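What follows is each chain in one-letter form.
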Amino acid sequence: YQKNYEFLIKNFNEIIKIRNDSILIIQNYMRGTRNEKILTASLKQIQKYGNKDTSYEFLKLYLATPYSQELNLIALETIVATTFKEDPTNVMRTMLFIINKGEILPAIYAINFHIINNIGYNNQPILARLNKQENEEMKKLAIKYISYFNLKEGIPIIEQLENDPNPDIANSAKELLTKLK
């Protein structure tokens, strides 16, 4: 069914693109549905054709908790695709909001975004989130993030991870701790 929704939304977008307001029409349609398959397909079209002016404020609605983490993640990816080049400040504020209050999947994306884009500030809120050690992926991300930015402030987190029941995490933490000290 996902492919059918994507096909329909994509073709709908192509048909109305001529009028230059296809994104606004898709967004109006999205307001009237909770169907996550339709919302996902619509977000993917906005990701391709939207921009900061037509999409940023609207997309923030889909970072809210009534939607699944998967949809939150696609909305965040769409915000980056449509807005980061034009307005990095607002995107970074959104990332910080997600790091502080977002669900796990979008928070992982936001922290990885900092690594991929070599954004070395916001360390304190990121370390606070990583300190929660919410799941295995977050623990691995803590090691990756602290290692990438060589953060001595992350030593307490790494010391905790040294005793993790997962031997891969514990060993990685031990190796990193020797590099940081």
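For the structure, check the block above.
Residues numbered from 1 in each chain as written. Predicted model: local features only at pLDDT ≥ 70, side-chain atom pairs only at ≥ 80, totals over all residues. Heavy atoms only, no water.

A few points about unusual backbone geometry
- Here Asn118, not a glycine, exhibits a phi torsion of approximately 55°, which is positive.
- Residue placement: Asn118 occurs in the loop between helix 7 (104-116) and helix 8 (123-131).
- One non-glycine residue with positive phi stands out, namely Asn150, at about 50°.
- With respect to the helices, strands and loops of the structure, Asn150 is situated in the loop between helix 9 (136-149) and helix 10 (155-161).
- According to the relative accessible area criterion, Asn150 is partly exposed, its value standing at 46%. (Helix = DSSP H or I, 4+ residues; strand = E, 2+ residues; numbered from the N terminus. Buried < 20%, exposed > 50% of the residue type's maximum accessible area, 1.4 Å probe, protein only.)

Examining the packing of helix 7 against helix 9
- Where helix 7 meets helix 9, the axes come as close as 10 Å, and the angle between the chain directions of the two elements is 15°. Considering the angle they form, helix 7 stands roughly parallel to helix 9. The interaxial crossing formed by helix 7 with helix 9 has left-handed handedness. Residues Ile104, Ala107, Ile108, Ile111, Asn112, His114 and Ile115 of helix 7 form the contact with helix 9, whose own contacting residues are Glu137, Met138, Leu141, Lys144, Tyr145, Tyr148 and Phe149.
- Looking at the contact of helix 7 with helix 9 residue by residue, the class counts come to ten nonpolar, two polar and two charged. (Axes fitted to C-alpha atoms, helices over the stretch in contact; angles between N-to-C directions. Parallel < 35°, antiparallel > 145°, perpendicular 65-115°, else oblique. Left-handed = near helix turned anticlockwise from the far one by under 90°. Contact = heavy atoms within 4.5 Å. Nonpolar A, V, L, I, M, F, W, Y, C, P; charged D, E, K, R; others polar.)

A closer look at the pattern of salt bridges
- Going through the model one piece at a time under the given rule, you end up with six salt bridges.
- In this structure, Lys52 engages Asp53 in a salt bridge whose closest nitrogen and oxygen atoms are separated by 3.6 Å.
- Given the relative accessible area of 27%, Lys52 is considered partly exposed.
- For Asp53, a relative accessible area of 65% puts it in the exposed group.
- Measuring nitrogen to oxygen at the nearest pair gives 2.7 Å for the salt bridge that ties Glu134 to Arg129. (Salt bridge = Lys/Arg side-chain N within 4 Å of Asp/Glu carboxyl O.)

Observations concerning helix 7
- Between its first and last C-alpha atoms helix 7 spans 18 Å; for 13 residues at 1.5 Å apiece the expected length is 18 Å, and the two agree.
- Buried within helix 7 we find Pro106, Ala107, Ile108, Ala110, Ile111, Asn112, Phe113, His114 and Ile115.
- Residues of helix 7 that are buried in the fold lie against helix 5 (69-83), helix 6 (88-101), helix 8 and helix 9.
- Looking at the residues trailing helix 7, positive phi occurs at Asn118, about 55°. (Expected span 1.5 Å × (residues − 1).)

Regarding the nonpolar core
- One finds Leu130, Tyr145, Ile146 and Ile158 to be the most contacted residues of the largest nonpolar core, which totals 53 residues.
- If you tally residues by element for this core, the top one is helix 9, at seven residues. (Core = buried A, V, L, I, M, F, W, Y, C linked by side-chain atoms within 4.5 Å.)

Quick look at the environment of Ala142
- For Ala142, the location among the structural elements is in helix 9.
- On the basis of relative accessibility, which here comes to 0%, the residue Ala142 falls in the buried class.
- Along the sequence, Ala142 and Lys181 sit 39 residues apart, while their C-alpha atoms lie 17 Å from each other.
- Aside from chain neighbours lying at most four places away, what touches Ala142 is Leu130, Ile157 and Leu161.

Focus on the packing of helix 4 (residues 52-60) against helix 5
- Two numbers describe how helix 4 lies on helix 5: the axes approach to 9 Å, and their chain directions differ by 160°. Viewed along their axes, helix 4 and helix 5 adopt a mutual orientation that is roughly antiparallel. In this structure, helix 4 crosses over helix 5, and the sense of that crossing is left-handed. For the pair helix 4 and helix 5, contact is made by Lys52, Ser55, Tyr56, Leu59 and Lys60 and by Ala75, Thr78, Ile79, Thr82 and Thr83, respectively.

Just distances and angles here, no functional claims.
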